[in-house]
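Secondary and tertiary structure notes
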Amino acid sequence: MAERAYIMPIALRLWHWTNALLMILLIISGASLHFTDPVIPLIRFDIARTIHNVSGIGVSVLYIFFAVWNSATGSWRQYIPELKGLKANLDRQNYYVFVGQLKGDAPHVVPTPEQKFNAMQQLTYIGVMYIAMPVVIVTGLAFFYPELAPAQLFGFDGLLPIAVLHYVAGFGLTMFLLGHLYMGTTGTTVAGGFRMMITGWHDEHDEKPENEQP
Amino acid sequence: MAAIKTVIWAAIGLVLLTTSAIAQIERKPIAPEDLKNIQDSNAKCLECHSEGGFDTLNREGVDKDKLRDHLVDLGVYEGSNHGRVECKACHVKGFEEFPHAADDKKQINWCDECHTRKFLRIEMQFDESVHAKEGIKEKFTCSTCHDPHVFQAAKYMNSPRDVVRQDNDFCLSCHGSDQSFEQVSKEARPDLVENHEWLPNRPLHWNAVRCVECHTPVSKKVMSHEILPAEKAEKRCVACHSADSTLRLRLYKHMVSEERSRVGFVNSMILNEAYVIGATRNVYLDLALGIFAAVVVFIIVLHSILRIIAAWVRSRRNG
Ligand code: HEM
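A few points on the structure.

What counts and how
- Along each chain, residue indices are assigned from 1 in the same order as the chain's sequence is written.
- Working convention: letters from A go to chains and numbers from 1 go to ligands, in the order in which they are written.
- Only residues with pLDDT of at least 70 are given local features in this predicted model, and only at 80 or more are side-chain atom pairs given and counted; all residues enter the totals for whole chains, interfaces and linings.
- The basis for every side-chain value is the complete set of heavy atoms in the structure, and neither hydrogens nor water enter the calculation.
- Segments assigned H or I by DSSP are reported as helices when at least four residues long, segments assigned E as strands when at least two residues long, and all are numbered from the N terminus.
- To sort residues, take the accessible area from a 1.4 Å probe on protein chains only and compare it with the maximum for the residue type: under 20% means buried, over 50% means exposed, and anything in between is partly exposed.
- Contact definition: two residues touch when any of their heavy atoms are within 4.5 Å.
- Accessibility throughout is a Shrake-Rupley quantity obtained with a 1.4 Å probe, and a residue counts as covered only by protein chains that appear here.
- Between N-to-C directions, angles cover 0 to 180 degrees, with each direction set by a line fitted to C-alpha atoms, over the stretch in contact for helices.
- Throughout this description, any angle smaller than 35 degrees is read as roughly parallel, any larger than 145 degrees as roughly antiparallel, any in the 65 to 115 degree range as roughly perpendicular, and the remainder as oblique.
- For a crossing to be left-handed, the near helix must be turned anticlockwise from the far one by less than a right angle; the clockwise case is right-handed.
- The near set for a molecule or strand comprises every residue that places at least one heavy atom within 4 Å of it.
- Two N or O atoms form a polar contact when they lie within 3.5 Å of each other; inside protein one atom must be a possible hydrogen donor and the other a possible acceptor, and for residues adjacent in sequence the pair counts only when both atoms belong to side chains.
- Note that Gly is not counted as nonpolar here; it falls among the polar residues with everything else outside the nonpolar set of Ala, Val, Leu, Ile, Met, Phe, Trp, Tyr, Cys and Pro and the charged set of Asp, Glu, Lys and Arg.
- The patches described consist of residues with a relative accessible area above 30% and no salt bridge, like charges being joined within 9 Å and nonpolar side chains (Val, Leu, Ile, Met, Phe, Trp, Tyr) within 5 Å.
- Whenever a carboxyl oxygen of Asp or Glu lies within 4 Å of a side-chain nitrogen of Lys or Arg, that contact is scored as a salt bridge.
- Sites may look incomplete because water is not among the atoms; the donors themselves are N, O and S atoms within 2.8 Å of the metal, or within 3.2 Å for Na, K and Ca.
- Irregular is the default label, applied whenever a site is not tetrahedral (four donors, all angles between 85 and 135 degrees) and neither square planar nor octahedral (four or six donors, opposite donors over 155 degrees apart, all other angles between 65 and 115).
- Aromatic contacts are taken between Phe, Tyr and Trp rings whose centres are within 6.5 Å, Trp giving its six-membered ring; a plane angle under 30 degrees counts as stacked, one over 60 as edge-to-face, and the others as tilted.
- Lysine and arginine charges are scored as sitting over a ring when NZ or CZ, respectively, is within 6 Å of the ring centre and within 35 degrees of the ring normal.
- Note on definitions: buried area is the accessible-area loss of two parts on being combined, 1.4 Å probe, summed for both.
- The rule is simple: put a 1 Å grid over the protein atoms alone, call a set of points where a 1.4 Å probe fits but cannot get out a cavity, call an open set with protein on both sides within 12 Å along at least five of seven lines a pocket, and count a residue as lining if it has an atom within 4 Å of a point.
- Grid points are joined across faces, edges and corners, and a volume is the space filled by probe spheres set on the points.

Topic: the overall build of chain A
- The helix and strand tally for chain A stands at 7 helices and 2 strands.
- In chain A, the order of α-helices and β-strands from amino to carboxyl end is β-α-α-α-α-α-α-β-α.
- Residue burial in chain A is summarised as follows: out of 214 residues, 43% are buried.
- For chain A, the proportion of contacts with a sequence separation of at least 24, taken over those separated by at least 6, is 67%.
- In the form shown here, chain A has an accessible surface area of approximately 11,600 Å², with 72% of it arising from carbon and sulfur atoms.

Here it is as structure tokens:
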């Protein structure tokens, strides 16, 4: 078995980091649009709007790349968890996060080019990439044409449900990003996961706890 | 996530259940017999001066070509604020007879006869206005904007959209038409699209807010008639797009007293008409998501601390 595996092609990594940057811009500008009378002033409304619109379109385009690439290469299968033993898998993953990892155990699912994600990642990424992202993008695009929203819906402006969905899904993505960043530090070395996403190589040495290395 | 979404949809459902229509301010009641007298009196004029009367009119000596330009729409008139005022209260003398006396036109009771105090205040504001320039001023009267047979004050209107339409038409009838503008000024008509390039979704905004929202100072009582020039006009988005939106003191002034927030929506009276980013958010939803975020951050911090401690313990044990 090779100790190093090249599992993140350059295009994928570029996609990932552009996406990450745009997401951060979207979150900050989105917050500025929503909380316009903040205690800590964020970005001015019209500037926030421009930033948000540009990066919103950017993320939508990247998402199309993702969707096309995923269906063309069959990579979407990476996201489908094995239903058999799913619960056990998740339990094992939770156990690892809250107990095993603290004890210094090595992770039991090591990413390979064929199977990059563990069951927990699969479920999260499905929620993020196939539910929250499409919701944010579709409602975001609808926000570009507020005049097309129904004038009234049950006595309220028709834009309200779009706005609420956009806000909540955007918030969900923000929470994902937080968790995702943190999870990135939980390969057994703090920087290992980030190194992989930069160099593309998953290094087995990274998975050995320092204190077990010779 | 699923739990949060349930909560949100439950909240929305609750909101919908408690939705109430906003009532307009009622006009003063009038005794039925008084109303009848007024209507009978006006009917005499409308025999000639309404579409219906005009079509069937066949009276000796009536110049129908001239009359055609002087028709009043009865339906619109009765819906207007002067709908229960006699024609003769304003068109004082001489119109009883026909043909009307030659200089009867000048014998109109002007607005100040009946609205003395408001008129004085408004006239002072008008003197400060961009329109109070030499050469233009003379061409402006109250009825340039307020057709006394048509006008409805905002406070009596049900729908802010209708208010916006009516009040913007005042300005656009002149600022949107070279023909009308020429009659008032020799200068070139300012290009409205160009002047408002900075405002995104312009058609949307102009259907949702009035020109006077940005082009007049806020005033507590009667809307200020001081139209502000470009440099003083409102350009800050957050004037409207914030919880503290000035729309509360302007377009939605007459509704604010009825409700400030329904089921946690700030400025919920606006929400009946328009979702205004920043101004119509829901404080409960914000709070719920805020708590959620705090919990996530807390777990992450806790987990980091545990990891640090665990690593330290392991290194002690192994080392
Ligand atoms: C992490 C991703 C995102 C977050 C956190 C986010 C957040 C927000 C928030 C909080 C608002 C203010 C709405 C309100 O107060 O109700 C907003 C508005 C808006 N969002 Fe997003 N959003 C995200 C992604 C997107 C994407 C992908 C698009 C485009 C496809 C988009 C397009 C818009 C538009 C057009 C508006 C209306 C304001 C404007 O014209 O800029 N957003 N967003």
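We are not done yet, so read on.
A closer look at the packing of helix α1 (residues 10–34) of chain A against helix α5 (residues 159–184) of chain A
Residues and elements named next belong to chain A.
- Axis separation between α1 and α5 bottoms out at 11 Å; the angle between their running directions is 130°. Regarding the angle of α1 to α5, the classification is oblique. The crossing of α1 and α5 is left-handed. Residue-level contacts link H16, M23, I24, I27 and H34 of α1 to Y167, L173, T174, L177 and H180 of α5.

With respect to the site of the ligand
- In the vicinity of the ligand there are 22 residues, among which H34, H52, N53 and H166 of chain A together with Y275 of chain B approach most closely.
- With respect to the ligand, the chains having nearby residues are chains A and B.
- Contact distances for the ligand include 2.7 Å between a nitrogen atom and a side-chain N or O atom of H52 of chain A.
- With respect to the ligand, the side chain of H166 of chain A contributes an N or O atom lying 2.8 Å from a nitrogen atom.
- Elements with a contribution of two residues or more to the shell around the ligand: α1, α2 (45–73), α4 (119–144) and α5 of chain A.
- Broken down by class, the residue content of the shell around the ligand amounts to 12 nonpolar, 9 polar and 1 charged.

Remarks on a nonpolar patch on the surface
- A surface patch of nonpolar side chains, amounting to about 940 Å² of accessible area, comprises Y95, F98 and V99 of chain A together with L287, I291, V295, F298, I299, L302 and L306 of chain B.
- At the level of elements, α3 (86–103) of chain A together with α17 (283–318) of chain B are the ones that each hand at least two residues to the nonpolar patch.
- Ranked by the residues each element gives to the nonpolar patch, the list is headed by α17 of chain B, at 7 residues.
- Its place among the elements puts L287 of chain B in helix α17.

Notes on the coordination of the iron atom of the ligand
Residues and elements named next belong to chain A.
- Taken together, H52 (NE2) and H166 (NE2) make up the protein donors of the iron atom of the ligand, found 2.0 Å from the metal.
- Around the iron atom of the ligand sit 6 donor atoms; with metal-centred angles ranging over 84 to 180°, the donor geometry is octahedral. Taken together, the residues H52 in helix α2 and H166 in helix α5 connect sequence positions 114 residues apart.

A look at the packing of aromatic side chains
- Inspection of every chain in the model, using the stated rule, returns 7 aromatic pairs over all chains.
- Each ring, one from Y63 of chain A and one from F66 of chain A, has its centre 5.5 Å from the other, and the planes form 35°; the classification is tilted. Within this pair, Y63 of chain A and its partner F66 of chain A are both found in helix α2, separated by 3 residues, close to a single helical turn.
- Of the residues examined, F66 of chain A reaches a relative accessible area of 6% and is grouped as buried.
- With a centroid separation of 5.7 Å and an interplanar angle of 45°, the aromatic rings of F126 of chain B and F140 of chain B are classed as tilted. Of the two residues, F126 of chain B is situated in helix α8 (residues 116–128) and F140 of chain B in the loop between α8 and α9 (142–145); the sequence distance between them amounts to 14 residues.
- Chaining the aromatic ring pairs together yields one cluster made of W15, Y63, F66 and Y130 of chain A.
- Lying across the ring of F54 of chain B, K64 of chain B places its NZ or CZ 4.7 Å from the centre.
- Over the ring of W206 of chain B we find R202 of chain B; its NZ or CZ atom is 4.9 Å from the centre of that ring.

Some words on the packing of α1 of chain A against α2 of chain A
Residue and element names in this part refer to chain A.
- Where α1 contacts α2, the axes come no closer than 8 Å and their chain directions differ by 145°. When the axes of α1 and α2 are compared, the crossing they make is left-handed.
- Each residue belonging to the contact of α1 with α2 can be placed in one class, and the counts come to 15 nonpolar, 9 polar and 1 charged.

Considerations on the environment of L251 of chain B
All names here are of chain B.
- Structurally, L251 can be placed in the loop between α14 (211–215) and α15 (253–256).
- For the pair formed by L251 and K235, sequence separation is 16 residues and the distance between their alpha carbons is 17 Å.
- Not counting residues up to four positions away in its chain, the partners in contact with L251 are P160, V163, V164, A208, V209, R210 and E213.

As for the interface of chain A and chain B
- Between chain A and chain B, the residue contacts involve 41 residues of the former and 44 residues of the latter.
- Here chain A meets chain B over a buried area of about 3,700 Å², counting both sides, of which 71% is carbon and sulfur.
- Linking chain A with chain B are 1 salt bridge.
- Here D37 of chain A and R281 of chain B are joined by a salt bridge, their closest N and O atoms 3.2 Å apart.
- The tally of links between chain A and chain B comes to 13 residue pairs in polar contact (both at pLDDT 80 or more).
- At the level of elements, α1, α2, α3, α4 and α5 of chain A are the ones that each hand at least two residues to the side of chain A that touches chain B.
- Per-element accounting of the side of chain A that touches chain B gives the leading share, 13 residues, to α5 of chain A.
- For the side of chain A that touches chain B, the per-class residue count stands at 24 nonpolar, 11 polar and 6 charged.

Regarding empty space enclosed by the protein
- If you walk through the whole model with that rule in mind, you get 3 cavities of 30 Å³ or more.
- In this structure, the second largest cavity occupies an estimated 70 Å³ of space.
- Broken down by secondary-structure element, the contributors of at least two residues to the lining of the second largest cavity are α5 of chain A together with α17 of chain B.
- Counting residues per element, the lining of the second largest cavity draws most heavily on α5 of chain A, which supplies 4 residues.
- The residue inventory of the lining of the second largest cavity, partitioned by class, reads 7 nonpolar, 3 polar and 2 charged.

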